[in-house]
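# Descriptive structure summary
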Amino acid sequence: MRSFVPEYDLIAAKHLPEALHILSSGEGWRPIAGGTDLMVLFNAGKLPWRRLASVSETEELRRVVTSSDCVSIGAAITYSEIRQSPILQAEFPLLCQSASWTGSIANQNRGTLGGNIANASPAADSAPVLLAYDAELELRSVGGTRLIPYAEFHLGYKSMQLREDELIVQIHLPRPLCDVRQYGRKVGTRKAQAISKVSLAATAVVENGTIIDVRIAMGSVAPVPLRCQETEAVLRGERLTPTLQARARDTLLREIQPISDIRSTSEYRAMVAANLLGEYLESLS
Amino acid sequence: MEYRLVGTAVPRKEAGRKVSGTAEYVDDVRLPEMLHGVTVRSTIPRGHIRKISFDGAIPWHEFVIVDARDIPGKNVVSLIYDDQPYLAAERVNHPQEPILLLAHADKHLLERARQNVHIEYEPLPAVFHLEEALAAETVIWGEDNVFKRYTIEKGEVDAMWSEAAFIVEGEYSTGAQEQLYIEPNGMIATFGAEGVTIRGSMQCPFYVQKALMALFGLPAEKVRVIQQETGGAFGGKEEYPSMLAGHAALLALKSGKPVKMVYDREEDMAATTKRHPSKTRHRTAVTSDGRLLAMEVEFSIDGGAYATLSGVVLSRGTIHSCGPYRCDNVRVRSVAVATNAPPHGAFRGFGAPQSLFALERHMDKIARTVGLEPDEFRARNLLRTGDSTATGQVIKDPIDLVRLQSRALDSIGYHEKRRRFPVENARSRRKKGIGFATFFHGAGFTGSGERFLQSVVTLEARAANRVRVLTSMTEMGQGTNTVLAQIAGEALGLCYEQVEVTNPDTAEVPNSGPTVASRTAMVVGKLVENAAREMKAKLPSHDFAALGPLRVTVQYKEPPGIFWDDALYRGEAYGAFSYATYAAEVTVDTLTGEVEVNDFVALQEVGRVLHPVLATGQIEGGVAQGIGMALYEKVVWRDGVMVNNQMTNYVMPTSADIPNIRVYFEEIPYEHGAMGAKGIGELPMDGPVPAVLNAIENAIGIDFDHAPVLPEDVLAKLAKRRVA
């Protein structure tokens, strides 16, 4: 333990209004849920926030609500709960799949979807999936509620549209209206307990060999989880041909900005990104 | 011979306390008034210490602070050469080198204080790579950066090149590897009128004792070393505990209180020893029908900043570098050099995994050059009874290595898969391949080592028909307590439960040597067997109570007919070799470069298997570590610093990455090993890396010459080949 424990304070909010009240106090309280990211920083002596408000026990954040056009996931829902949810398994299988990629079973029992979003890692396992499902985030403060498309949430590396007094309360996923072709693959450092080197999640509607609509998102290839809109634009409305696949691949390689770091190289990430896109497009034809 | 206990899977002696959570590891121990200790370490690879300042709002007067001036005896970690200080005084030679020690009752305040010690340096030029060290343009150790050199000469190598039908050359390298024992290093020291007492996680209590005697200028009876329950070691707790125990003891001496020092994972990975990085060059002369005419090997290892055990690691790597093959003309030249990294040290296999990796990759390369199947080429050259190794050691075992190799390959369906995979691979992005390695591992200390050790064990008969085994062999998860009790019980005709194995405590047990070199069961186990037989001869019945306490002590005597020449490096290098063929089946995903090991067969001849479950566990664990070394575990260095010193970024394989490992034994009892046992602990580390890389070559036709092979390497080579 490399942090100086007496310097840290923790309080647990009993319900959502209390949590929002604490965050609005201007006293520097930051939310903590499962702690699977923050406690690692804490142990390493690298956690910058000294005042933590736990929202894990906040009942309002612990529900999955299904309406006719939308499934709304409480931000404090854990990966394990996502993996076990029948509605998510049936309609958003990539989300369940990505939850199974994250950390260990112990991590999955504690880590939450809202925490994964707010930790804002470009390598977050759930992020490309949420982008591919066109998720919308519901942010709340004592001042009110706002809805932000998840594709617009991340502004830069660890920078996001989330004020200090705001909490992510729900993640809304629009329910699919027709048959959607889904693909998700994580390339990590090993098969379990791994951080992704590259990940790709995609959904598409294909009719008679023509791509009616497509959403492609990637992790670990840019400062933020990246929705690959230029690549999507190349594909949308087109018939799947080898020429189109090559164009999409070239566009993707221009659109991503992978780096070399302790886990991998920019060259590897670029090659794998293109290869995963290729694998997906081939699965559509 | 029929045995009652040996060869059966009796419960482990310490299983109950481990399963119930009552086993006491060093971090579980709390002594009255105990302080915690931490280490302030260098942040540069090489330079002079100019200024140390104690900053921040820290109540420094509450702290016990130790530097090199507080050392009462010699400021060296006494091992082989006296070159490594306990605490750097004026100069540092690697990052993470200990400079100051701090102690305080409050662990958290202590950590904060550590962060507020600032040290100014005047940097000196540093050396980070083997080649740089050998070039010796910058000299950082001795006169030429060389810790140790060896040469093995056999026959007339130079005369053979002109006779060769093929001359095959290759260069192979391996990286550092972290032992990753589950329990980090930890020690508690107390100082009193009776001297210093150490409790901690360790492999070799008498190494720690010897080092502390020099550090404090104390006689042996004033330095007591007690092993706590130890959560794994793999060589990583062979020499480093002497350093940590000394640090804790220095703080205990100055504070007058017990001091506990336990590293966290980050510190343990960054500061303590790892497997030596290596480079091997092979040049081999082969006849047109695939027989080895001459082998020339250059083997070099990076020892880090101080000599520690590098010379000994080099020795084992050197002797194993020509493997279990018959070749009349051999020249091996080897060297261990200094770089400004934390010292590399003992790790399961001890140099042999490095040089055997090179050899077993090279054997596949020769087979390809000659146009023979890898198994056929090896079969033509494997040692037979009566042949001699590179050092001239004549193989006396009635071992048939060709048959052993065939059995392993049949078990994995090698030939059928060599035919089938290329056909299937042509249709798939996931390419399958199969490869193997045939190898041996010498058990016990090298050459005259066991003779110099003069190991001693004692058996003590006590009331109620109970016997105690007293040795310095440590239980670190591998099963020492269990197999020594089996051996003693077997020889005495007692039940397993009647034999107790004493926890190593230098005040109580004799020096049976270190728990290293696959020597516990074979060498020390034999001493236990001999002592037990002697005791049984003295006791007509098992009514020990009637006879009163009886102690029998025996000492190692070299078996007859063993000759080793330390100067020429010729003769009987090891009392016995264990032999093996390991075969791996892999799948290479050409989209991602990921390699998955799908099946693994490990067949070995290890003499008598004393405990089938423990023996199988040893093999499985070694293979898993080997797969880690082959495909996952890469230490990322930046100027002598391990920068991926976390389990997130230093990637060891999980159970999800390891296939079902199929373990098979052949047993040819070895007369000088306990009940016929030979060494087993290190053998399984030697084979997996070349077997896996040979399988990768079979899958995608790319011959990797370094380990680990990461997906990045695979994809880069595949892309390069596409362009070509």
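What counts and how
Residues numbered from 1 in each chain as written. Chains lettered and ligands numbered in written order. Predicted model: local features only at pLDDT ≥ 70, side-chain atom pairs only at ≥ 80, totals over all residues. Heavy atoms only, no water. Helix = DSSP H or I, 4+ residues; strand = E, 2+ residues; numbered from the N terminus. Rg over C-alpha atoms; globule rule 2.2 N^0.38 Å. Contact = heavy atoms within 4.5 Å. Areas by Shrake-Rupley, 256 points an atom, 1.4 Å probe, with all protein chains shown as cover. Buried area = accessible area lost by both parts, 1.4 Å probe. Salt bridge = Lys/Arg side-chain N within 4 Å of Asp/Glu carboxyl O. Nonpolar A, V, L, I, M, F, W, Y, C, P; charged D, E, K, R; others polar. Buried < 20%, exposed > 50% of the residue type's maximum accessible area, 1.4 Å probe, protein only. Lys, Arg positive; Asp, Glu negative; His and termini not counted. Polar contact = N/O pair within 3.5 Å; in protein donor to acceptor, adjacent residues only side chain to side chain. Pairing = 2+ DSSP bridges. Axes fitted to C-alpha atoms, helices over the stretch in contact; angles between N-to-C directions. Domains from an automatic or database assignment.

## Let's talk about the overall build of chain B
Looking only at helices and strands, one finds 19 helices and 28 strands in chain B. Relative to a compact globule of 724 residues, whose C-alpha radius of gyration would be 27 Å, chain B shows 26 Å and is just as compact. Each principal axis of the C-alpha atoms in chain B carries an extent, and together these give about 75 × 70 × 50 Å. Taking contacts inside chain B between residues at least 6 apart in sequence as the whole, the part at least 24 apart equals 82%. Total accessible area computed for chain B in this model is approximately 25,200 Å², and 51% of it derives from carbon and sulfur atoms.

## Digging into the interface of chain A and chain B
Taken together, the 26 residues of chain A in the interface contact 34 residues of chain B. In total, chain A and chain B occlude about 2,600 Å² of area from one another, counting both sides; carbon and sulfur atoms represent 52% of this. Looking at the side of chain A facing chain B, the largest losses of area belong to R2, R190 and I262 of chain A, adding up to 28% of the total buried there. R185 of chain A is the partner of E594 of chain B in a salt bridge, and the nearest nitrogen-oxygen pair spans 3.6 Å. Mapped by element, the contributors of at least two residues to the side of chain A that touches chain B are β11 (181–188) and α11 (266–284) of chain A. The greatest single-element share of the side of chain A that touches chain B, amounting to seven residues, is contributed by α11 of chain A. Looking at side-chain class alone, the side of chain A that touches chain B contains 11 nonpolar, six polar and nine charged residues.

## Overview of the side chain of K154 of chain B
All names here are of chain B. When you line up the elements, K154 lands in strand β7 (residues 146–154). Buried charge without a partner: K154 forms no salt bridge, and the closest opposite charge is D328, 4.8 Å away. There is a polar contact of 3.1 Å between the side chain of K154 and the backbone oxygen of C327. When sequence neighbours within four positions are dropped, the list of residues in contact with K154 reads C327, D328, N329, V330, S388, T389, A390 and R570.

## Details of the pattern of salt bridges
Applying the stated rule across the entire model yields 79 salt bridges over all chains. Put simply, R430 of chain B and D589 of chain B hold a salt bridge, and the shortest N to O gap is 3.8 Å. Here R430 of chain B is found in strand β16 (residues 430–443), whereas its partner D589 of chain B is found in strand β23 (residues 576–589), with 159 residues between them in sequence. When its relative accessible area of 5% is taken as the criterion, D589 of chain B is described as buried. Ionic pairing is found between R451 of chain B and E558 of chain B, a salt bridge with its closest N-O pair at 3.2 Å. With R451 of chain B in helix α12 (residues 449–453) and E558 of chain B in the loop between β20 (550–555) and β21 (564–565), this pair connects stretches of sequence that are 107 residues apart. Given a relative accessible area of 34%, R451 of chain B falls into the partly exposed group. Under the relative-accessibility criterion, E558 of chain B is labelled partly exposed at 24%. Within the structure, one salt-bridge network assembled from shared partners comprises R185, K191 and E279 of chain A together with R430, D589, E594 and E596 of chain B.

## Concerning the environment of R333 of chain B
Residues and elements named next belong to chain B. For R333, the location among the structural elements is in strand β15 (residues 330–337). Overall, the relative accessible area of 40% leaves R333 in the partly exposed class. The spacing of R333 and S300 is 33 residues in sequence and 8.4 Å in space, taken between C-alpha atoms. Look past the residues within four positions of R333 in its chain and what remains in contact with it is Y150, T151, E296, V297, E298 and F299.

## Looking at the sheet that holds strand β12 (residues 196–207) of chain A
Residue and element names in this part refer to chain A. In spatial order, the strands read β11-β12-β13-β14; together these four strands make up an open sheet with antiparallel pairing. Since the sheet does not close on itself, it has two edges, and those belong to β11 and β14 (226–227), each with one partner. As paired elements, strand β13 (residues 210–219) and β14 share two bridges and run antiparallel to each other. Residue pairing for β14: M218 is matched across the bridge by L226. Where α11 meets the sheet, its contacts fall on β11, β12 and β13, and the angle it forms with β12 comes to roughly 25°.

## Thoughts on helix α2 (residues 107–115) of chain B
Among the residues of α2 of chain B, L109, L110, E111 and A113 of chain B are the ones counted as buried. Contact partners of the buried residues in α2 of chain B: β1 (35–41), β5 (98–104) and β6 (117–123) of chain B.

## Some details on the domain arrangement of chain B
By convention, interface size is frequently given as the accessible area that disappears when the constituent parts associate. All names here are of chain B. As assigned here, chain B comprises domain 1 (15–23 + 455–555), domain 2 (31–124 + 180–271) and domain 3 (278–446 + 570–723). Each of domain 2 and domain 3 has a C-alpha centre, and these two points are 36 Å apart. Summed over both sides, the interface between domain 2 and domain 3 buries roughly 2,200 Å², with carbon and sulfur atoms accounting for 65% of that surface. Its largest share of buried area at the contact with domain 3, domain 2 owes to L180, F234 and M269, together 26% of the area lost on that side. The tally of links between domain 2 and domain 3 comes to zero salt bridges. Seen at the junction of domain 2 and domain 3, the total is seven residue pairs in polar contact (both at pLDDT 80 or more). If one sorts the elements of the side of domain 2 that touches domain 3 by residue count, helix α6 (residues 265–271) sits on top with five residues. Among the residues making up the side of domain 2 that touches domain 3, the classes are represented as 12 nonpolar, five polar and seven charged.

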